[in-house]
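The primary structure of each chain is shown beneath.
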Amino acid sequence: GETGSRTVEVLLSLLRNETRYHKELYKTDFLIPLNLGCTTIEPCKSLLGRGLNSARENLEPNGHISFAAGFSLSDILEAGPAIITYSSEKNLAKSALNEFKFALLNAEGSFDEVGESAEVVVKKAIEISSHKQQPVVIADTQDNPGAGGCGDTTGLLKALIALEAEGAVIGFISDEQAAKKAHAAGIGNVFNGDIGGKKFKGDSPVEGTFKVLALGNGELVGTGPMWYGARMQLGSCALLEYKGIKIAISSKTVQTGDGAMFRHLGIEPENTNIIALKSSVHFRADFERFAGAILIALAPGPVVADPRKLEYRKLRAGVRVGPGIPSVEINH
């Protein structure tokens, strides 16, 4: 919303012929992993705080500077971080860009992908939740539908079950067939079947007898900062219980980025001990404010968190995919 407001002011200024801008653009020769593009954690937190504000001081009052971490999962020529500055004075646009560029290049070594195996993360979550009142939030980052995930992998769910994370909640797992069975069974009843594990090679469903705790039609409105007022359509939804774990499922595949999704099924995220989400970064806008801790789980999934494990074919030559990794060789 704030960015939209600033944009309107710039557009109006341009339409009135009050301002004309010189533009400067810089693209780095390294990629930033998806999780570390987040602006509420380091190093981007400082870059977009002290770093961007310092560079902005080189611009006159109506100048602008922006930084985008880029989407490292895009195998395209122009993938990667970018700095862009605008100013009515070309030299000011250049000096602001160069100052921020210096800070960004110095931070390259800090962009080393974060996360641990599902088993390690769940053990940590259980330990933390035993002495913290706020929920421990786990991001199932490698099955983030917002980045191409299928939304139905079961690695993290299996770890929660195996380690007996009593009272933990996980969602949203995409499984239309399980949702239909839950609605057919009705609230308070059970059904035999399986959940998830059908779309990602090497994965497998969780099979058993599931109790239906709540049902929903998937029609809801976002309440968090990112999706406030957005109308969501998740298809038929259900909240199930299996071996002490609550599992939120939906018929459609969607990133779990808003607490309203859980409230739709009677779960208040702030009152959970452990809550696991199919998301990488967007969930932070709504969940970070009340989380006692946020952990990144690297359960198997299609959204590979570490760019060093990917084979790029279209990326421009000479781009590094991780700290200490030589430039990739691309044969266009």
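Above this text is the structure in question.
(A) Geometry of the overall build of the protein chain. The number of helices and strands found in the protein chain is 8 helices and 13 strands. With respect to the three principal axes, the spread of C-alpha positions in the protein chain is 70 × 45 × 40 Å. When burial is assessed residue by residue, the protein chain has 49% of its 332 residues classed as buried. Within the protein chain, counting contacts between residues at least 6 apart in sequence, those at least 24 apart form 68% of the total. Once the 35 positive and 38 negative side-chain charges of the protein chain are each reduced to a mean point, those two points are 2 Å apart.

(B) Layout of helix α3 (residues 90–106). Across its 17 residues, α3 extends 25 Å between first and last C-alpha, which sits within 8% of the 24 Å expected from 1.5 Å per residue. Listed in full, the buried residues belonging to α3 are Ala 93, Ala 96, Leu 97, Phe 100 and Leu 104. Projected down its long axis, α3 carries its buried residues within an arc of 95°, all on one side. For α3, the exposed residues lying more than 90 degrees away from the buried face are Asn 91, Phe 102 and Asn 106. Looking at the buried side of α3, the elements it contacts are β1 (22–27), α2 (44–56), β2 (64–68) and β3 (82–87).

(C) Fine view of the packing of helix α4 (residues 118–129) against helix α5 (residues 155–162). Axis separation between α4 and α5 bottoms out at 9 Å; the angle between their running directions is 50°. It follows that α4 is oblique to α5 by the angle criterion. Every pair of crossing elements has a handedness; the one defined by α4 and α5 is right-handed. Contact residues: Ala 118, Glu 119 and Val 122 in α4; Gly 155, Leu 156, Ala 159 and Leu 160 in α5. Grouping the amino acids of the contact of α4 with α5 by side-chain chemistry returns 5 nonpolar, 1 polar and 1 charged.

(D) Structural detail: the pairing of strand β5 (residues 169–174). Within β5, 6 of the 6 residues are buried, leaving the element largely enclosed by the surrounding structure. Relative to strand β11 (residues 245–250), β5 runs parallel, the two sharing 4 bridges. Across the sheet, Ser 174 pairs through a bridge with Ser 250, a residue of β11.

(E) Broad picture of a nonpolar patch on the surface. Taken together, Val 8, Leu 12 and Leu 15 make up a surface patch of nonpolar side chains, about 270 Å² in accessible area. Residue placement: Val 8 occurs in helix α1 (residues 2–15). The exposure class assigned to Val 8 is partly exposed, which follows from its relative accessible area of 41%.

(F) Summary view of the sheet that holds β2. On the basis of which strands lie adjacent, the open sheet formed by 3 strands has the order β1-β3-β2 and antiparallel pairing. Every interior strand has two partners, whereas the edge strands, β1 and β2, have only one. Sheet twist, expressed as the mean angle between neighbouring strand axes with direction ignored, is 10°. As paired strands, β2 and β3 are joined by 5 bridges and run antiparallel to one another. Paired with Ile 65 across the bridge in β3 is Thr 85. Running over the sheet, α3 touches β1, β2 and β3 and is turned about 20° from β1.

(G) Expanded view of the layout of surface pockets. Each pocket or cavity is described by its volume, and for the largest pocket that value is around 680 Å³. For the lining of the largest pocket, the secondary structure elements donating two or more residues are α1, α2, β2 and β3. By residue number, the principal contributor to the lining of the largest pocket is α1, which donates 7 residues. By volume, the second largest pocket amounts to about 200 Å³. If you trace the second largest pocket, you find 14 residues lining it, with Leu 34, Gly 70, Phe 71, Val 281 and His 282 closest to the centre. Tallied by class, residues from the lining of the second largest pocket come to 7 nonpolar, 7 polar and no charged.

(H) Seen up close, the environment of Asp 75. Along the chain, Asp 75 turns up in the loop between β2 and β3. C-alpha of Asp 75 to C-alpha of Arg 316: the two residues are 241 residues apart in sequence and 9.4 Å apart in space. Within the structure, Asp 75 has its side chain in polar contact with the backbone nitrogen of Lys 314 (distance 2.9 Å). A polar contact of 3.2 Å, which involves the side chain of Asp 75, links it to the backbone nitrogen of Leu 315.

(I) Main features of the sheet that holds strand β10 (residues 237–242). A sheet is described by the order of its strands in space; here 8 strands give the open sequence β6-β7-β10-β11-β5-β12-β4-β13, paired in mixed fashion. The outermost strands of the open sheet, each flanked by one partner alone, are β6 (190–195) and β13 (293–297). The mean angle between the axes of side-by-side strands here comes to 30°, regardless of whether they run parallel or antiparallel. Sheet topology note: the strand β4 (residues 136–140)/β13 ladder contains 5 bridges and is parallel. Within β13, the residue paired with Asp 140 across the bridge is Ala 297.

(J) Geometry of the environment of Ile 245. Note on placement: Ile 245 falls in strand β11. Judged by its relative accessible area of 0%, Ile 245 is buried. Remark: the alpha-carbon pair of Ile 245 and Ile 170, spanning 75 residues in sequence, is separated by 7.7 Å. Those residues in contact with Ile 245 that sit more than four places away from it in its chain are Leu 157, Leu 160, Ile 161, Ala 165, Glu 166, Ala 168, Ile 170 and Leu 240.

Procedures and definitions
Residues numbered from 1 in each chain as written. Predicted model: local features only at pLDDT ≥ 70, side-chain atom pairs only at ≥ 80, totals over all residues. Heavy atoms only, no water. Helix = DSSP H or I, 4+ residues; strand = E, 2+ residues; numbered from the N terminus. Buried < 20%, exposed > 50% of the residue type's maximum accessible area, 1.4 Å probe, protein only. Contact = heavy atoms within 4.5 Å. Lys, Arg positive; Asp, Glu negative; His and termini not counted. Charge placed at Lys NZ, Arg CZ, Asp CG, Glu CD. Expected span 1.5 Å × (residues − 1). Arc of directions from axis to C-beta. Axes fitted to C-alpha atoms, helices over the stretch in contact; angles between N-to-C directions. Parallel < 35°, antiparallel > 145°, perpendicular 65-115°, else oblique. Left-handed = near helix turned anticlockwise from the far one by under 90°. Nonpolar A, V, L, I, M, F, W, Y, C, P; charged D, E, K, R; others polar. Pairing = 2+ DSSP bridges. Patch = residues over 30% accessible without salt bridge, like charges linked within 9 Å, V, L, I, M, F, W, Y side chains within 5 Å. Areas by Shrake-Rupley, 256 points an atom, 1.4 Å probe, with all protein chains shown as cover. Salt bridge = Lys/Arg side-chain N within 4 Å of Asp/Glu carboxyl O. 1 Å grid on protein atoms, 1.4 Å probe; cavity = no way out; pocket = protein on both sides within 12 Å on 5 of 7 lines; lining within 4 Å. Points joined across faces, edges and corners; volume = space filled by probe spheres on them. Polar contact = N/O pair within 3.5 Å; in protein donor to acceptor, adjacent residues only side chain to side chain.

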